[in-house]
Amino acid sequence: MTVSASTRTIAKTAAAAKSDLHKRLRLGESFIEAFLFFCGAVSILTTLGIVFVLGKESLLFFTSGEVTLWEFISGTEWQPAIGRFGIWALLNSTLMVTAIAMLVALPLGLAVAIYLSEYASLRARSILKPVLEVLAGVPTVVYGYFALTFMTPFLRSIFGDEIVQIYNTAAAGIVIGILVLPLVSSMSEDALHAVPYALREAAYGLGATKLETAIKVVLPAATYGVAAAFIVAISRAIGETMIVAIAAGAGPSFTFNPFESAETMTGHIVRISGGDLSYDSIDYNSIFAIGLMLFVMTLTLNIISRHVVKHFREEYE
Amino acid sequence: MNYTNGKYVFDIQNLNCYYGSFRAVKDTDLSIESKKITAFIGPSGCGKSTVLRTFNRMNDLIPSARVTGEVLFHGQNLYDPDVDPVEVRRRIGMVFQKPNPFPKSIYENVAWGARINGFKGNMDELVEQSLRQAALWDEVKDKLDQSGLGLSGGQQQRLCIARTIAPRPEVILMDEPCSALDPIATLKIEDLMRQLVKNYTIIIVTHNMQQAARVSDYTAYFLMDRDDRAGLLIEYGVTNEIFTKPKDQRTEDYITGRFG
Ligand SMILES: Nc1ncnc2c1ncn2[C@@H]1O[C@H](COP(=O)(O)OP(=O)(O)O)[C@@H](O)[C@H]1O
Ligand SMILES: [Mg+2]
């Protein structure tokens, strides 16, 4: 081959390579991109739609002239028949149920998480984790009847029939606690698991026992992650509907006694919307005001938990 | 070897270390002199860390790890069935490869180990003393309540040293304590070690031969056996002699950089 011939070949391949750099139309790729965008858009639009409906109907409620915003957020009596729309009658029982649920789920969930992450053998883990997942997968209606037909009789056998009413917030709260327990334990376990092994080594190297290491080093290092788990669980408990609808009571009542029946916000919404409501009645609008309130509460909690989780991530990255 | 006059702290006899069925260290005998710095050198994977971690039973944390032979600490075998590893680690402290301060305040980092060891005296004093011994006091005395994670890498490692000496151990084990640090921070730690050795027995693993030559009194050279990939002790002696007139050809190859 002569010199000039080989130079020409190089020039030719270079030209071919240049044309190869042109943008290509990748149809499959563009299609998938569009599809993913569509999915994202749908979820955002749905959320916007919910906010819009909640907002619109709530606005009708507050502009109806029957109730002021102040009466709504400060009143403790909820009696639509006589025009009383005090949210505290429902909010109080929601908060009580949630508090009881957390009293059950937080200590137990944390204990399970610490056990799973620091103590459990591979074998124990491989048994306990699926059990927890099953617990999380039980339909809430089953939990509801579990509260009504097991937890309430159980409480009655301890405290007496005259003290514990058939419908009560205690039984519902305890069972919601069991419902969110897998959530608390699995999120907390993730947080504990994310704590670098080097910190455990440091603690052991100083002569710490297993318990000292778990409680005084690993748990504090995972504080933010565990806190996020708690917040998500609270938000889940506030929104839980079926269990309270079945077991907590079917009538608003402003009481601090967990053994008395009291309807929660979610429970009230299901009961009212289950009946035959006319669409432009004040009752109908009122459930959207309650819904908006629930939405704001859980949204706030979720925003807080996002910040908490972010903080936790920053600490180790 | 004479243990009664306190000259030797550790005496390893016929040590074999296993991970599962893999023998990582074989047939090692080694004595560690009190209030001296002993360096373990050798190529990576030859079992230096494994041997080091038998001195405070850190290997116990790895489920597959197993040890045969004896690790005598003042004549008592640390692997006797009735020896509590937690108690062992209270007397034999450890500094790790990567600085690993707790995500707690500088003060808490130092106080933590002493506190769980039941220290009842003046904690402020102990913290100050430990930080001074770790040559860190002047840099942190105004920010004791700030997080230990906010310090530079070299400072973090000195904080870890302060944390290790706060419970007043007898021995300090260091596993490549400078490998994550820049040269200036490394020199600081080396100076610090020369100070600490007046009161503590120090055993350091290092892949850095210059470091071993600079700081240690004794050097142990480990190498992996070609046939079964088990680490073994090739040569052990006064650092100066190991580096100037090694007896074993393999040691000479390693320290002159002809290893490979
Ligand atoms: N946790 C472990 N599980 C299994 N094998 C290990 C473990 N730690 C170390 N080894 C093996 O033991 C040998 C010695 O390791 P190590 O003591 O860390 O060497 P060095 O510190 O000299 O680099 C290596 O072959 C390594 O792969
Ligand atoms: Mg090593």
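Residues numbered from 1 in each chain as written. Chains lettered and ligands numbered in written order. Predicted model: local features only at pLDDT ≥ 70, side-chain atom pairs only at ≥ 80, totals over all residues. Heavy atoms only, no water.

### Quick look at the overall build of chain A
Okay, step 1: On a plain count of helices and strands, chain A comes out with 13 helices and two strands.
Okay, step 2: The C-alpha radius of gyration computed for chain A amounts to 28 Å, which surpasses the reference 20 Å derived for 317 residues by more than 25%, pointing to a less compact arrangement than a globule.
Okay, step 3: Counting only C-alpha atoms, chain A reaches 110 × 65 × 35 Å along its principal axes.
Okay, step 4: Taking all 317 residues of chain A together, 41% fall into the buried category.
Okay, step 5: Of the contacts made within chain A by residues no fewer than 6 positions apart, 71% connect residues no fewer than 24 positions apart.
Okay, step 6: Separation between the mean location of the 20 positive side-chain charges and that of the 24 negative ones in chain A comes to 18 Å. (Helix = DSSP H or I, 4+ residues; strand = E, 2+ residues; numbered from the N terminus. Rg over C-alpha atoms; globule rule 2.2 N^0.38 Å. Buried < 20%, exposed > 50% of the residue type's maximum accessible area, 1.4 Å probe, protein only. Contact = heavy atoms within 4.5 Å. Lys, Arg positive; Asp, Glu negative; His and termini not counted. Charge placed at Lys NZ, Arg CZ, Asp CG, Glu CD.)

### Notes on the packing of aromatic side chains
Okay, step 1: On inspection of all chains with the given rule, the structure shows 18 aromatic pairs over all chains.
Okay, step 2: Consider the rings of Trp78(A) and Phe85(A), whose centres lie 5.3 Å apart with planes at 90°: the pair is edge-to-face.
Okay, step 3: Three or more aromatic residues joined by ring pairs make a cluster, and in this case those are Phe61(A), Phe62(A), Phe72(A), Trp78(A) and Phe85(A).
Okay, step 4: Cation over ring: Arg66(B) sits above Tyr18(B), and NZ or CZ is 4.4 Å from the ring centre.
Okay, step 5: A cation over an aromatic ring shows up here: Arg163(B) above the ring of Phe102(B), its NZ or CZ 4.5 Å from the ring centre. (Phe/Tyr/Trp six-rings, centres within 6.5 Å; stacked < 30°, edge-to-face > 60°. Lys NZ or Arg CZ within 6 Å of the ring centre and 35° of its normal.)

### Here's the deal with the pattern of salt bridges
All names here are of chain B.
Okay, step 1: Under the definition given, this model contains 22 salt bridges over all chains.
Okay, step 2: Linking Arg23 and Asp228 is a salt bridge whose minimum nitrogen-to-oxygen distance equals 3.7 Å. Remark: Asp228 occurs in the loop between strand E9 (218-224) and strand E10 (231-238) and Arg23 occurs in strand E2 (residues 22-33); sequence separation between them is 205 residues.
Okay, step 3: Using a relative accessible area of 25% as the deciding quantity, one classes Arg23 as partly exposed.
Okay, step 4: Assessed through its relative accessible area of 31%, Asp228 is described here as partly exposed.
Okay, step 5: A salt bridge links Arg115 to Glu108; the shortest N-O distance between them is 2.9 Å. (Salt bridge = Lys/Arg side-chain N within 4 Å of Asp/Glu carboxyl O.)

### Some details on the site of ligand 1
All names here are of chain B.
Okay, step 1: Taken together, the neighbourhood of ligand 1 is formed by Tyr19, Phe22, Ala24, Ser44, Gly45, Cys46, Gly47, Lys48, Ser49, Thr50 and Ile62.
Okay, step 2: Here an oxygen atom of ligand 1 sits 3.1 Å away from a polar atom, N or O, in the main chain of Gly47.
Okay, step 3: The fraction of the free accessible surface of ligand 1 (560 Å²) that becomes covered by protein chains is 64%.
Okay, step 4: For the shell around ligand 1, the secondary structure elements donating two or more residues are E2 and helix H1 (48-52).
Okay, step 5: Looking at the shell around ligand 1 element by element, the count peaks at three residues for H1.
Okay, step 6: Classifying every residue of the shell around ligand 1 by side-chain character gives five nonpolar, five polar and one charged. (Near = heavy atom within 4 Å. Polar contact = N/O pair within 3.5 Å; in protein donor to acceptor, adjacent residues only side chain to side chain. Areas by Shrake-Rupley, 256 points an atom, 1.4 Å probe, with all protein chains shown as cover. Nonpolar A, V, L, I, M, F, W, Y, C, P; charged D, E, K, R; others polar.)

### Notes on the environment of Leu131(B)
Okay, step 1: Within the secondary structure, Leu131(B) is located in helix H4 (residues 123-133).
Okay, step 2: Sequence spacing of Leu131(B) and Ile165(B) is 34 residues, and the spatial spacing of their C-alpha atoms is 9.1 Å.

### Quick notes on the domain arrangement of chain A
Residues and elements named next belong to chain A.
Okay, step 1: Domain annotation for chain A reports domain 1 (25-63) and domain 2 (72-316).
Okay, step 2: Once you take the C-alpha centre of each, domain 1 and domain 2 turn out to be 29 Å apart.
Okay, step 3: Every contact between the two is made by eight residues of domain 1 and, on the other side, eleven residues of domain 2.
Okay, step 4: Here domain 1 meets domain 2 over a buried area of about 900 Å², counting both sides, of which 84% is carbon and sulfur.
Okay, step 5: A per-residue breakdown of the area domain 1 buries against domain 2 is headed by Leu54, Glu57 and Phe61, which together make up 61% of the total.
Okay, step 6: Between the two partners, domain 1 and domain 2, sit zero salt bridges. (Domains from an automatic or database assignment. Buried area = accessible area lost by both parts, 1.4 Å probe.)

### Points about the packing of helix H4 (residues 88-119) of chain A against helix H9 (residues 210-221) of chain A
All names here are of chain A.
Okay, step 1: For the pair H4 and H9, interaxial distance at closest approach is 11 Å and the crossing angle is 115°. With respect to each other, H4 and H9 are oriented roughly perpendicular. Here H4 and H9 pass one another in a crossing that is right-handed. Across the interface between the two elements, Leu110, Ile114, Glu118 and Tyr119 from H4 touch Lys210, Leu211, Ala214, Ile215, Val218 and Leu219 from H9.
Okay, step 2: Considered class by class, the residues forming the contact of H4 with H9 number eight nonpolar, no polar and two charged. (Axes fitted to C-alpha atoms, helices over the stretch in contact; angles between N-to-C directions. Parallel < 35°, antiparallel > 145°, perpendicular 65-115°, else oblique. Left-handed = near helix turned anticlockwise from the far one by under 90°.)

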